[in-house]
Amino acid sequence: MVKKNACVFISGYGSNLKSLISNSRNHNFPVNISLVITNNFKAKGLLHAKKNSIPYFIINTKRRNFENKVLNLIKKYNISLICLAGYMKIISKGFISAYKKKIINVHPSLLPKYKGLNTYEKIIQNKEKKTGCTVHFVNEKLDSGKLIVQKSFFIKKDDKVDILKKKTQKLEHKAFSEAIIKIYRYN
Ligand code: GAR
């Protein structure tokens, strides 16, 4: 199987990046993680790129032409799939339409519930019984693209934000890779 090249965008800790890198080592996995891009030079997740000798680039999103720089990198590394893994910047409509159906995102809720930020706090506030994670295609509207994989769990009475985050991310690490496998199975 000839693997495609995927790029992962991160802003922080990079636990999803770590699990994608590890799953991509399986020879049946459809993509290699060939490029990492971040908007945050302090992103801890960069360590995973460094450790695994994956090229990484820090983008200054305050610069006017930063998206052109990203597009050039995506072309240079022959990227077929862009994975947003905790990338906390809105991507422009132009960029999204240039890569329609090729950008996917992981979100810590059962979309369409709880789009945007502070999901765990909102879930607790609303006394939800169940939550989970969603991997979806990115379209022009925030957290609104077609769902690819969702995984859920029941919330316990004492679950606080940090526990919900831990449980949700554990599911994200499985869901992200499953979503990538699903995308390429039908292509
Ligand atoms: C993930 O839990 C992801 O769902 C969330 O950021 C976290 C990044 O964790 N993304 C969003 O909230 C996007 N709206 P990681 O850096 O450890 O992979």
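Quick notes on the rules
- Residues numbered from 1 in each chain as written.
- Predicted model: local features only at pLDDT ≥ 70, side-chain atom pairs only at ≥ 80, totals over all residues.
- Heavy atoms only, no water.
- Helix = DSSP H or I, 4+ residues; strand = E, 2+ residues; numbered from the N terminus.
- Rg over C-alpha atoms; globule rule 2.2 N^0.38 Å.
- Buried < 20%, exposed > 50% of the residue type's maximum accessible area, 1.4 Å probe, protein only.
- Contact = heavy atoms within 4.5 Å.
- Areas by Shrake-Rupley, 256 points an atom, 1.4 Å probe, with all protein chains shown as cover.
- Lys, Arg positive; Asp, Glu negative; His and termini not counted.
- Charge placed at Lys NZ, Arg CZ, Asp CG, Glu CD.
- Near = heavy atom within 4 Å.
- Polar contact = N/O pair within 3.5 Å; in protein donor to acceptor, adjacent residues only side chain to side chain.
- Nonpolar A, V, L, I, M, F, W, Y, C, P; charged D, E, K, R; others polar.
- Core = buried A, V, L, I, M, F, W, Y, C linked by side-chain atoms within 4.5 Å.
- Phe/Tyr/Trp six-rings, centres within 6.5 Å; stacked < 30°, edge-to-face > 60°.
- Lys NZ or Arg CZ within 6 Å of the ring centre and 35° of its normal.
- Expected span 1.5 Å × (residues − 1).
- Pairing = 2+ DSSP bridges.

(A) Geometry of the overall build of the protein chain. The helix and strand tally for the protein chain stands at six helices and seven strands. The C-alpha radius of gyration of the protein chain comes to 16 Å, within 12% of the 16 Å expected for a compact globule of 187 residues. C-alpha extents for the protein chain along the principal axes are approximately 50 × 40 × 30 Å. Counting over 187 residues, the protein chain shows a buried share of 48%. Put simply, 64% of the contacts in the protein chain that link residues at least 6 apart link residues at least 24 apart. Carbon and sulfur atoms make up 53% of the accessible area of the protein chain, which totals about 10,900 Å². Across the protein chain, 38 positive and 10 negative side-chain charges occur, with their mean positions spaced 8 Å apart.

(B) Region of the structure containing the site of the ligand. The full set of residues close to the ligand is Y13, G14, S15, N16, G86, M88, V106, H107, P108, Q169 and E172. Contacts to the ligand include S15, whose side-chain N or O atom sits 2.6 Å from an oxygen atom. Burial of the ligand by the surrounding chains reaches 87%, relative to a free accessible area of 450 Å². Of all elements in the fold, only α1 (15-24), β5 (103-107) and α6 (161-185) reach the threshold of two or more residues within the shell around the ligand. Of the residues belonging to the shell around the ligand, the class tally is four nonpolar, six polar and one charged.

(C) Seen up close, the nonpolar core. Residues I33, I104, F176 and I180 are the most contacted members of the largest nonpolar core, which totals 37 residues. No other element matches α6, which puts eight residues into this core. The contacts of I180, once residues within four sequence positions are left out, are L20, F29, P30, V31, L81, C83 and I104. Membership of the second largest hydrophobic core comes to 20 residues, among which are L35, I82, F95 and V138.

(D) How the structure looks around the packing of aromatic side chains. In total, this model carries four aromatic pairs according to the counting rule given. Following the ring pairs from residue to residue traces out a cluster consisting of F9, Y87, F95 and Y99. The ring of F137 has K101 sitting right over it, with the charged end atom 4.5 Å from the ring centre.

(E) Quick peek at α6. Across its 25 residues, α6 extends 35 Å between first and last C-alpha, which sits within 8% of the 36 Å expected from 1.5 Å per residue. Regarding α6, the residues found buried are L164, T168, L171, E172, A175, F176, S177, A179, I180, I183 and Y184.

(F) Structural context of α1. When you tally the buried positions in α1, you get seven out of ten residues, the bulk of the element. Along α1, the residues classified as buried are S15, N16, L17, S19, L20, I21 and S24. Looking at the buried side of α1, the elements it contacts are β1 (4-10), β2 (31-38), α2 (46-51), β4 (79-84), β5 and α6.

(G) Structural context of the pairing of strand β6 (residues 130-137). The element β6 is extensively covered by neighbouring structure, given that seven of its eight residues are classed as buried. In this sheet, β6 lies alongside β5 in antiparallel orientation, the contact comprising four bridges. Considered in β6, the bridge of H107 is made with T134. In this structure, β6 lies alongside strand β7 (residues 147-154), joined through seven bridges in antiparallel fashion. Bridge pairing in β7 places G132 opposite S152.

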